[in-house]
Amino acid sequence: VESINSFIMDECARHPELVGFGTLHPDYENYEAEIARCMAGGLRGMKLHPDFQHFYIDEDRAFRLFTALAGKLPVLVHMGDSRYDYSRPARLENVMKALPDLTVFAAHLGGYERWEEAAGCLYFDNIRFDTSSSLEFLSPEYAAGIIRAFGVQKVFWGTDFPMWNHLKELHNFLELGFSEEENHAILGENFMRFFGL
């Protein structure tokens, strides 16, 4: 945890145009001190990947991290994947109900391969959504419908790394049929407004 966060802080110091997110792990004991160090070092959020880090979003180990971050830093969370149960949208719903001050960026439109579940339960004012690694697998009509249901002003493009071709991801997004103003909002303005850039 510390070495990763130090690397990101160093890169952001060298490249002030970057908005850096650190990381935590549910088994890391000094999480409160590390959150304070990351904030002092200019990081603007945290990224957690329940599937890779092997924890359930709504288990006690994760709750202590979310509680410590609530009202301080947003958390980008990998969401979904039908192969695992760690990051299913219903688990994030439990967290959001318990921690109304927590801000979450729910990657992959709230739940890769669990988009229908996400669309049914993740309507919270303090959730933002990311389009990465989803548009390739959804019809343009279905993807646009999810985005409109969540609210165009709450959706970011590219905050979680697109695992596939970046130009294809952009092409898929531009095929959704949003207006030029909506495209600008999702492609950058929503993110800039959120962080006051």
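Look up: the structure comes first, before these words.
Below, the structure is looked at part by part. Only a predicted model underlies this, so the values are computations on that prediction, with no experimental measurement involved.

Each value, and the rule that gives it
- Residues numbered from 1 in each chain as written.
- Predicted model: local features only at pLDDT ≥ 70, side-chain atom pairs only at ≥ 80, totals over all residues.
- Heavy atoms only, no water.
- Helix = DSSP H or I, 4+ residues; strand = E, 2+ residues; numbered from the N terminus.
- Buried < 20%, exposed > 50% of the residue type's maximum accessible area, 1.4 Å probe, protein only.
- Pairing = 2+ DSSP bridges.
- Right-handed = clockwise from strand over helix to strand, strands pointing away.

### Observations concerning unusual backbone geometry
Working step 1: You will see that D81, though not glycine, has its phi angle at about 95°, which is positive.
Working step 2: As for its position among the elements, D81 is in the loop between β3 (75-77) and α5 (89-98).
Working step 3: For D81, a relative accessible area of 4% puts it in the buried group.

### Observations regarding the pairing of strand β5 (residues 127-130)
Working step 1: Burial of the side chains of β5 extends over both faces: I127 and F129 are buried on one face and R128 and D130 on the other.
Working step 2: The pairing of strand β4 (residues 104-106) with β5 spans three bridges and is parallel. Bridged to V104 within β5 is I127.
Working step 3: In this region the chain leaves β4, passes through helix α6 (residues 115-121) and returns to the parallel neighbour β5; the handedness of that crossover is right-handed.
Working step 4: Relative to strand β6 (residues 155-156), β5 is paired through two bridges, and the arrangement is parallel. Along β6, the bridge assignment pairs F129 with V155.
Working step 5: The parallel pair β5 and β6 is bridged by helix α7 (residues 140-150), and the resulting crossover is right-handed.

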